[in-house]
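# Descriptive analysis of the structure
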Amino acid sequence: MMKNAVFDRVEVMQGDITTLKLDAIVNAANRSLLGGGGVDGAIHRAAGPELLSECRKIGGCSTGMAKITKGYNLPVKYIIHTVGPVYRGTDEDRRLLSHCYLNSLKLAVKNHTMSIAFPAISCGAYGYPLKKACRIAIDTTYDFLKNNRTLKKVVFILFSADDYNVYKKYLKIFV
Ligand code: AR6
């Protein structure tokens, strides 16, 4: 069953997450879930004001956890909002960042999502070094996909060419 092999279901892209037509995209939000800058700002702008209304009703999200909303004006069914840790350089950062990926993937599966894209959670305003974050993102996703058959496509989308190359290089280890 090579088709369902983990590395066949993982993809890296360079670009803007708001342009992706998938079942779900993940937002790197903050605990208020009321919007912000970076990818969060881009997602709220593209989804439209109804997203903020739904987020208000959720009442926030703890670091490492994930919440789901509709996609509104975005070409996706769902937006999964997760809150990454502010980087401090502790083991706790690792654990929380891994939980962001794991809880987002679990929530996606629970909602019958077959394709999902992640930005580099915590790697902008929250200061997580991209190389370290990339390993956590990919290791956590691979572990999850080994025991899951329903998710057919997981995309990591990076804004910059440098970040894209870091992911590409790390993914090669698994092929
Ligand atoms: N598509 C893909 N990636 C993007 C996009 C986009 N449209 N825009 C930015 N990135 P950040 P964080 C990349 O700061 O570090 C917000 O204000 C960006 O280059 O968006 O988790 C929230 O409200 C970087 O690599 O998220 C929180 O307060 C990555 O996305 C706080 O920032 C994440 O950068 C969260 O900080």
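Quick look at the structure, then.

The rules behind the values
- Residues numbered from 1 in each chain as written.
- Predicted model: local features only at pLDDT ≥ 70, side-chain atom pairs only at ≥ 80, totals over all residues.
- Heavy atoms only, no water.
- 1 Å grid on protein atoms, 1.4 Å probe; cavity = no way out; pocket = protein on both sides within 12 Å on 5 of 7 lines; lining within 4 Å.
- Points joined across faces, edges and corners; volume = space filled by probe spheres on them.
- Helix = DSSP H or I, 4+ residues; strand = E, 2+ residues; numbered from the N terminus.
- Nonpolar A, V, L, I, M, F, W, Y, C, P; charged D, E, K, R; others polar.
- Near = heavy atom within 4 Å.
- Polar contact = N/O pair within 3.5 Å; in protein donor to acceptor, adjacent residues only side chain to side chain.
- Areas by Shrake-Rupley, 256 points an atom, 1.4 Å probe, with all protein chains shown as cover.
- Sits in = over half its atoms within 2 Å of the grid points.
- Buried < 20%, exposed > 50% of the residue type's maximum accessible area, 1.4 Å probe, protein only.
- Pairing = 2+ DSSP bridges.
- Axes fitted to C-alpha atoms, helices over the stretch in contact; angles between N-to-C directions.
- Phe/Tyr/Trp six-rings, centres within 6.5 Å; stacked < 30°, edge-to-face > 60°.
- Arc of directions from axis to C-beta.

Its boundaries defined by the atoms lining it, the largest pocket holds a volume of some 540 Å³. Contributing to the lining of the largest pocket are 26 residues, with A28, G38, V39, A120 and G124 lying nearest its centre. Those elements that place two or more of their residues in the lining of the largest pocket are β2 (24-29), α1 (38-47) and β6 (153-158). The leading source of residues in the lining of the largest pocket is α1, at four residues. Residues that form the lining of the largest pocket fall into these classes: 15 nonpolar, eight polar and three charged. Quantified by volume, the second largest pocket comes out at close to 160 Å³. Taken together, Y87, G89, T90, D91, D93, R94, Y128, K131, K132, R135, I136 and D139 form the lining of the second largest pocket. Counting residues per element, the lining of the second largest pocket draws most heavily on helix α4 (residues 130-146), which supplies five residues.

Another point: the site of the ligand. In the vicinity of the ligand there are 21 residues, among which N30, G37, V39, D40 and A125 approach most closely. Measuring from an oxygen atom of the ligand, one finds a side-chain N or O atom of D40 at 2.7 Å. Protein coverage of the free-state accessible area of the ligand, which is 700 Å², stands at 88%. Cavity membership is defined here by more than half of the atoms lying within 2 Å of grid points; on that basis the ligand lies in the largest pocket. Secondary-structure elements contributing two or more residues to the shell around the ligand are β2 and α1. The dominant element in the shell around the ligand, judged by the number of residues it contributes, is α1, at four residues.

The backbone of Y72 shows a phi angle near 50 degrees, a positive value even though the residue is not glycine. In this fold, Y72 is placed in the loop between β3 (66-70) and β4 (78-83). Looking at Y72, the relative accessible area reads 24%, which means it is partly exposed. You will see that H112, though not glycine, has its phi angle at about 60 degrees, which is positive. By the secondary structure assignment, H112 is in the loop between α3 (91-110) and β5 (115-118).

A few words now on the sheet that holds β3. Ordered by their spatial adjacency, six strands build an open sheet running β1-β6-β5-β2-β4-β3, and the pairing between neighbours is mixed. Edge positions in the open sheet fall to β1 (10-14) and β3, since each of these has one partner strand only. Each strand of the sheet is rotated relative to its neighbour by a mean of 25 degrees, with strand direction disregarded. The pairing of β5 with β6 spans four bridges and is parallel.

This next bit is on the packing of aromatic side chains. Following the criterion strictly, the structure yields five aromatic pairs and no others. Measuring from ring centre to ring centre gives 6.4 Å for Y101 and F156, while their planes differ by 55 degrees; the resulting arrangement is tilted. Here Y101 is found in helix α3, whereas its partner F156 is found in strand β6, with 55 residues between them in sequence. Through pairs of rings, three or more aromatic residues link up here, namely Y101, F118, F156 and Y167.

Another aspect to go through is α1. An α-helical turn contains 3.6 residues, so a residue and the one three or four places further along point in the same direction. Residues of α1 that are buried: D40, G41, I43, H44 and A47. When α1 is viewed along its axis, its buried side chains cluster within an angular range of 165 degrees and face the same direction. For α1, the exposed residues set more than 90 degrees away from the buried face come down to G38 and R45. Once α1 ends, the next one or two residues include G48, with phi positive near 95 degrees.

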